[in-house]
Every structure is written in structure tokens, then in C-alpha cells.
Amino acid sequence: MSSARKLLYPFSLLYGGVMQLRNELYDRGIFSSKEYEVPVIAVGNLSVGGTGKSPMVEYLISLLKDNYRVATLSRGYKRSSSGFLLLNGNEPAAEAGDEPLQFKSKFPEIMVAVDESRQHGIQELLKQAAPPDVIILDDAFQHRKVTAGLYILLTPYGNLYSDDLVLPAGNLREPKAGAKRADLVVVTKCPAEISSEAKQKIRTRLKLQPGQELYFSNISYSEEIFGRKEVLPLKELQKRHFTLVTGIANPQPLVGYLKEHSLKFDHKAFPDHHNFSASEIKELRSKGLLLTTEKDYMRLKNDIPEEDLFYLPITTQIVDGKKVFEKAILDFAQKK
């Protein structure tokens, strides 16, 4: 443990104790939690940021949308609005949140809503003329006021929750014992080729409870970049200098992927969910061609000339056990 972590460790014990007490009060029914007739899937993590929640939510949407009326519900992190908002896709990212707007832009046929109160958000969704058959809660593992029917817990390959500490000495939002609430645990951002031995070591380190299922996934980058009116092959960037703009928790995998393609670029890194200021927008507009993530594109698309702004999509791939994983999701959706 580093000296900085040692100094912060007492505060982690205090914070972890408070979170553990909170969980116990919910587990014992002293704090109330509401269940719903409609199937509710909660996707989340124990750590802060960068576990691949958005690609997993999109994976679930793609799996379910052809047979069910699907809704996603997020709090809309850093949005300027408050209360319940059912997106039509034309809202600015600052009002709706970048990730919900991304979901609505990619899947216009589903319902996408934001509400800082998950209970209220679900109630409003169920009041719609054609209410959803399935609701996916984005980043909701710690939102105990709603009891989901299926919990999917994500943990990144390079930073397993079992190896981490509670805030502020570490990155965990709650003690690792909270993982017992998960039905499915997915190790995200795995190498393209992960050995059986490596998977077994991770299984041992995570110490799953009886009945919990473990899966492994990786991130797949597109071979094309997308603008508002144009799609180009990624290799087209070998001929042009560009600036990579990121406002995500961990941009290094993306940076590495672009370098693997022998691309030359400058990198402007901003904090996760960064709201770009007028001066930052002015600077970016002077850079010429910009490549960004899909999430950041939602916040930049109205301020950067369309011919200068492109994004590189990513998708989640289950490494093995894909059919079993998808069957678990589909079986749950059919329950009610």
C-alpha cells in the first residue's frame, strides 16, 4: 500500500462502515425498497467510472429490443435539468446527459428516460401509453431504493473489485461484500485472447457466491469512424493529422488502439463526463479534424463543424458463454 493510501485508509474504514451499515439496513428491511411487476435489470459496478457500463447497456438493448418494449433509466449524470425527462433525442447533452442521449440516438425506437429518483422514474415510465416490458437501470448497483429482479455487476480486468479499497484510499463506492447482490458478474475489458488459466485465477480472486455466474467480455472497436453525414474507414486517418478528444475515465485503451493502426495524432484529455466550456470549444474548433468517443460526440456535435467531428464506436463482446449469458437475460425478461 502506498504512503498516500495509508494516510487515507482510516477514512476508507469510516466510509466503508457507513456504506456497510446502509446495506445491512436495506437487507433487513429497515430501509424500504420497492419491487415492480415489470422486469427490472440493474447494470452497475462497485468502483467509480470506467467499467464499460454504457456498452453493456447497449448490448442488452440490442438483445431485447426486437421482442420487447425496452426502456432505459439513468440519473443523467451532470445534466442541467432535474426530475423526470423522457428523451426525444433532440435534447442537448447538457440537459439530458451524454450517455442517455447516446442510447436514444442509437436506438430511437426505445424509451430513454432520466430521473435522479429511480422509483419515480419507473413510476413515470409505467404511466406511458405503451409502458415498457423491460426496464434497464444504468449505473444502479448502489440504488437500493429499487430492488431489481436481475443485477449485472461489472468489474474491469485490470482493476478487479476484489483487489481494490473503498474510497478515498481506493475506488470502491461500497465494500466489496456488496458484490453478493449480483446475479451475473462480468469481467470487462479483457484481452482479446484470455487463457483458461487467467479466467480461473480471476474466479478464485472474486470468490463468487453460490448461484452467481461469471462471464468475461472485451471491447471491440469499429473499423469505421462516424460523422453526422459521413462514414469513413478508420485507415483514412493514416493520411490525415487529427486531434483525439476524450472525456472518459480511462482513454488509454483507445489511445493504444489508434497507435496500433499507425495513426499520428494529438490527444486532448478531459475528465469523465466533462462539459466543455466556450473557450475549450473555441480551441477545439481551431484544431481541424477531431476524433472522439461516442459519448463525447454527444456533447460536442452541436458546437463543432460537422465536417470536422467524427467518433469511433465500441461494442461489448462476451468472450465465451455468449449463448448462456443471453439466455439468462431473455429468460428473465420472459418471467413476468
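To keep things clear, this report deals only with the structure shown in the data block. Everything numeric here is computed off the predicted structure, so don't read it as measured data. (Residues numbered from 1 in each chain as written. Predicted model: local features only at pLDDT ≥ 70, side-chain atom pairs only at ≥ 80, totals over all residues. Heavy atoms only, no water.)

Note on placement: Y161 falls in the loop between β6 (150-156) and β7 (184-188). Residues contacting Y161, with those up to four places away along its chain left out, are L46, L153, T155, L172, K176, A179, V185, L206 and L208. (Helix = DSSP H or I, 4+ residues; strand = E, 2+ residues; numbered from the N terminus. Contact = heavy atoms within 4.5 Å.)

All right, on to the sheet that holds strand β1 (residues 40-45) then. An order of β3-β4-β2-β5-β1-β6-β7-β8-β15 is seen for the nine strands of this open sheet, with the pairing classed as mixed. The sheet is open, and its two borders are formed by β3 (85-86) and β15 (314-318), each paired with just one other strand. In this sheet, β15 lies alongside strand β8 (residues 213-221) in antiparallel orientation, the contact comprising five bridges. The partner of Y221 across the bridge, within β15, is I314. Lying over the sheet, helix α10 (residues 322-333) contacts β1, β5 (134-138), β6, β7, β8 and β15, oriented at roughly 140° with respect to β7. (Pairing = 2+ DSSP bridges. Axes fitted to C-alpha atoms, helices over the stretch in contact; angles between N-to-C directions.)

A separate point is helix α6 (residues 196-206). Within α6, burial applies to A198, K199, I202 and L206. Each buried residue of α6 sits inside an arc of 100° when the element is viewed along its axis, so together they form one side. Exposed residues pointing more than 90 degrees away from the buried face of α6 are listed as S196, E197 and K201. For α6, the elements touching its buried residues are β7 and β8. Just past α6, the residue K207 takes up positive phi, approximately 50°. (Buried < 20%, exposed > 50% of the residue type's maximum accessible area, 1.4 Å probe, protein only. Arc of directions from axis to C-beta.)

Grouped together as the largest cluster of nonpolar side chains are 46 residues, with contacts concentrated most on I41, V43, L64, I152, F325 and I329. Those residues in contact with V43, other than ones at most four positions away along the chain, are K53, M56, V57, L60, I136, L137, D138, D139, A140, F141, I152 and L154. By size, the runner-up hydrophobic cluster in this structure holds 35 residues, among which are M111, I194, I202 and L214. (Core = buried A, V, L, I, M, F, W, Y, C linked by side-chain atoms within 4.5 Å.)

Quick look at the packing of aromatic side chains now. Evaluated as defined, the whole model comprises nine aromatic pairs. Judged by centre distance (5.7 Å) and plane angle (85°), the rings of F141 and Y151 are edge-to-face. Pair noted here: F141 is in the loop between β5 and β6 and Y151 is in strand β6, with a separation of ten residues, a long-range link. Judged by relative accessible area, F141 falls into the buried class, the value being 0%. Between F242 and F265, the aromatic rings sit 5.3 Å apart at their centres with planes inclined by 20°, giving stacked as the arrangement. Of this pair, F242 sits in strand β11 (residues 242-246) while F265 is found in strand β12 (residues 265-269), placing the two residues 23 residues apart along the sequence. For the pair formed by F242 and F265, the shared burial category is buried. Connected via pairs of aromatic rings, a cluster forms that spans Y59, Y215 and F325. We note K34 situated over the ring of Y36; from NZ or CZ to the ring centre the distance is 5.4 Å. (Phe/Tyr/Trp six-rings, centres within 6.5 Å; stacked < 30°, edge-to-face > 60°. Lys NZ or Arg CZ within 6 Å of the ring centre and 35° of its normal.)

Moving on: the packing of helix α2 (residues 53-64) against helix α4 (residues 98-106). Running from N to C, α2 and α4 point in directions that differ by 30°, and their axes come no closer than 11 Å. When the axes of α2 and α4 are compared, the pair comes out roughly parallel. Handedness of the crossing formed by α2 with α4: right-handed. Contacts from S54, V57 and E58 of α2 reach α4 at E99, Q102, F103 and K106. Class assignment for the residues of the contact of α2 with α4 results in two nonpolar, two polar and three charged. (Parallel < 35°, antiparallel > 145°, perpendicular 65-115°, else oblique. Left-handed = near helix turned anticlockwise from the far one by under 90°. Nonpolar A, V, L, I, M, F, W, Y, C, P; charged D, E, K, R; others polar.)

This part takes up the pattern of salt bridges. For the structure shown, the criterion picks out 22 salt bridges. Residues D66 and K65 are paired through a salt bridge, measuring 3.3 Å at the closest nitrogen-oxygen approach. Residue classification places D66 among the exposed residues on the basis of a relative accessible area of 61%. Take K65: its relative accessible area is 25%, and that puts it in the partly exposed class. With its nearest N and O atoms 2.6 Å apart, the salt bridge here joins R79 to E116. (Salt bridge = Lys/Arg side-chain N within 4 Å of Asp/Glu carboxyl O.)

On to the pairing of β1. Along a regular strand, successive side chains alternate from one face of the sheet to the other. Of all the six residues making up β1, six are buried; the element is thus mostly covered by neighbouring parts of the structure. Here four bridges tie β1 to β5, and the two strands are oriented parallel to one another. Counted as the bridge partner of I41 is I136 from β5. In terms of strand pairing, β1 meets β6 through five bridges, oriented parallel. Residue pairing for β6: I41 is matched across the bridge by L150.

To continue, consider helix α1 (residues 3-27). Because an α-helix packs 3.6 residues into every turn, residues spaced three or four apart end up facing the same way. Between its first and last C-alpha, α1 extends 35 Å over 25 residues, near the 36 Å set by a 1.5 Å rise per residue. Maximum bend of α1: about 45°, positioned at Y9, with proline P10 one to four residues after it. For α1, the full list of buried residues reads S12, G16, M19, N23, L25 and Y26. Directly beyond the C-terminal end of α1, a positive phi value near 80° is found at G29. (Expected span 1.5 Å × (residues − 1). Bend = angle between axes of the 7 residues up to and from the residue.)

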